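# Summary of structural features
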Amino acid sequence: MRFEDKIVAVTGAASGMGRSAAVAFAREGARVIACDVLQDEAASLLAELGAAGGGAAQFVCLDVASEGGWEALGRTLRDTHGGLDVLFNNAGISGTFDPDLTSTPAWERLLDVNAKGVFLGMKHAVPLMRMRGGGAIVNMSSISASVGQHRVHMGYSASKAAVQAMTRAAAVHYADDRIRVNAVAPGMLPAMRTSRGSADPAWREKQIAAVPLKRVGQVEEVAAAVLFLASDEASYITGVEIAVDGGFLAL
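Source: prediction; values computed, not measured. (Residues numbered from 1 in each chain as written. Predicted model: local features only at pLDDT ≥ 70, side-chain atom pairs only at ≥ 80, totals over all residues. Heavy atoms only, no water.)

A few words on the overall build of the protein chain. The helix and strand inventory of the protein chain stands at seven helices and seven strands. The N-to-C order of helical and strand elements in the protein chain reads β-α-β-α-β-α-β-α-β-α-β-α-α-β. For 251 residues, the compact-globule estimate of 2.2 N^0.38 gives 18 Å, and the C-alpha radius of gyration of the protein chain, at 17 Å, lies within 12% of that figure. Referenced to the eigenvectors of the C-alpha coordinate spread, the extents of the protein chain come out at roughly 50 × 40 × 35 Å. Across the 251 residues in the protein chain, those meeting the buried criterion constitute 51%. Of the roughly 11,000 Å² of accessible surface on the protein chain, a fraction of 54% belongs to carbon and sulfur atoms. (Helix = DSSP H or I, 4+ residues; strand = E, 2+ residues; numbered from the N terminus. Rg over C-alpha atoms; globule rule 2.2 N^0.38 Å. Buried < 20%, exposed > 50% of the residue type's maximum accessible area, 1.4 Å probe, protein only. Areas by Shrake-Rupley, 256 points an atom, 1.4 Å probe, with all protein chains shown as cover.)

For the second largest pocket, the calculated volume is near 380 Å³. Together, 18 residues line the second largest pocket, and Lys6, Gly135, Arg180, Ala230 and Asp232 are the ones closest to its centre. Grouping the constituent residues of the lining of the second largest pocket by class yields five nonpolar, five polar and eight charged. (1 Å grid on protein atoms, 1.4 Å probe; cavity = no way out; pocket = protein on both sides within 12 Å on 5 of 7 lines; lining within 4 Å. Points joined across faces, edges and corners; volume = space filled by probe spheres on them. Nonpolar A, V, L, I, M, F, W, Y, C, P; charged D, E, K, R; others polar.)

What follows covers the nonpolar core. Generally speaking, nonpolar side chains in soluble globular proteins are found buried as a group. Judged by nonpolar contacts, the single largest core of 35 residues is most densely connected at Val10, Phe25, Val32, Leu49, Val184 and Val222. Those elements that provide at least two residues to this core are strand 1 (7–11), helix 1 (16–27), strand 2 (31–36), helix 2 (42–51), strand 4 (86–89), strand 5 (135–140) and helix 7 (219–230). It is helix 7 that contributes the most residues to this core, eight residues altogether. Excluding its chain neighbours within four sequence positions, the residues that come into contact with valine 222 are Met17, Met140, Val184, Pro186, Leu189 and Val244. Within the second largest apolar cluster, 31 residues are counted, among which are Leu73, Leu87, Val113 and Tyr156. (Core = buried A, V, L, I, M, F, W, Y, C linked by side-chain atoms within 4.5 Å. Contact = heavy atoms within 4.5 Å.)

This brings us to the sheet that holds strand 3 (residues 58–61). By definition, the strands of a sheet pair up through backbone hydrogen bonds, in either a parallel or an antiparallel sense. Within the open sheet, the seven strands sit side by side as 3-2-1-4-5-6-7. Their pairing is parallel. Pairing within the sheet leaves two strands with one partner each, and these edge strands are strand 3 and strand 7 (241–244). For this sheet, the mean inter-axis angle between neighbouring strands, taken without regard to orientation, is 20°. Relative to strand 4, strand 1 runs parallel, the two being bridged by three bridges. Within the sheet, the bridge partner assigned to valine 10 lies in strand 4 and is phenylalanine 88. Against the sheet, helix 1 touches strand 1, strand 2, strand 4, strand 5 and strand 6 (179–186), its axis set at about 165° to strand 1. Running over the sheet, helix 5 (residues 154–173) touches strand 5, strand 6 and strand 7 and is turned about 160° from strand 6. (Pairing = 2+ DSSP bridges. Axes fitted to C-alpha atoms, helices over the stretch in contact; angles between N-to-C directions.)

Right, let's talk about the packing of helix 1 against helix 2 for a bit. At a closest axis distance of 8 Å, the pairing of helix 1 and helix 2 adopts a crossing angle of 35°. Here helix 1 contributes Arg19, Ala22, Val23 and Ala26 to the contact with helix 2, which in turn contributes Ser44, Leu45, Glu48 and Leu49.

Here helix 2 has its buried residues at Ala42, Leu45 and Leu49. The buried residues of helix 2 occupy one face: seen down the axis, they fall within an arc of 70°. Those residues of helix 2 that are exposed and aimed more than 90 degrees away from the buried face are Ala43, Ala47 and Ala51. Here the buried face of helix 2 lies against helix 1, strand 2 and strand 3. (Arc of directions from axis to C-beta.)

For glutamine 149, the location among the structural elements is in the loop between strand 5 and helix 5. Within the structure, glutamine 149 has its side chain in polar contact with the side chain of serine 144 (distance 2.4 Å). Not counting chain neighbours up to four residues away, the residues in contact with glutamine 149 comprise Ile143, Ser144 and Gln207. (Polar contact = N/O pair within 3.5 Å; in protein donor to acceptor, adjacent residues only side chain to side chain.)

Summarising the element assignment, histidine 153 is placed in the loop between strand 5 and helix 5. Those residues in contact with histidine 153, other than ones at most four positions away along the chain, are Gly95, Asp100, Leu101, Thr102, Ser103, Ala106, Trp107 and Leu110.

This part takes up the pairing of strand 3. Across a regular strand the side chains alternate sides, sitting on one face of the sheet and then on the other. Note that strand 2 and strand 3 share four bridges and pair parallel. Looking at the pairing, cysteine 35 lines up with valine 60 of strand 3.

The subject of this paragraph is the pattern of salt bridges. Per the counting criterion, the structure on display carries 10 salt bridges. In this structure, arginine 78 engages aspartate 79 in a salt bridge whose closest nitrogen and oxygen atoms are separated by 3.3 Å. With a shortest N-O distance of 2.7 Å, glutamate 221 and arginine 215 are connected by a salt bridge. Residue classification places glutamate 221 among the partly exposed positions, given a relative accessible area of 31%. By relative accessible area, which is 40% here, arginine 215 ends up partly exposed. (Salt bridge = Lys/Arg side-chain N within 4 Å of Asp/Glu carboxyl O.)

Following this line, the structure appears as structure tokens:
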């Protein structure tokens, strides 16, 4: 799964799954455009990408919920790189960042970042991929799109269900442009930077007990699925969501 000469944008690239995927793409020869609001992480991220072989990597400060931010990124990709080959629409916030499960501001924030951010990413990536003759988009969904979970805000589940539906719709819309659109749906992983409730050891232990493989997944395992879906090996796969969940959704 080599990505030489491919321009790959990764949102939420400073930590967790985004960082792991960015490093994996760099290791496979991609020119990675790492996007995040966490500018303090830029130097260490670029150093890690360089060590992985991504010497031409670039950091871009991007709020995925801002259309202006996407427009600026689009100009950079168009003028400097001649378009875009792969987008990993990863940026998001945890469904347990606010303990008030009926918080309206939390609902709005979750939908703004997790759903609108993915929509804007696809909206602005597609014209750039047309310039390159096609491309691949991988969206970050979650098992929460398919099942209810204690301590997880309804807005999180709604936002990820929106990603699930948008992935299918976009796959149909852009097939004629040779743009494939898929999603990954992780299950229990190490707690996100924005996690609160899901970082509680007792809660995590109970959740892990329900996973058939009886362990937490690793961000590298999600990155492997992302790379596969973005690669030519998945050339006849579009409109699907791959669960990386240790069998949880199979129950």
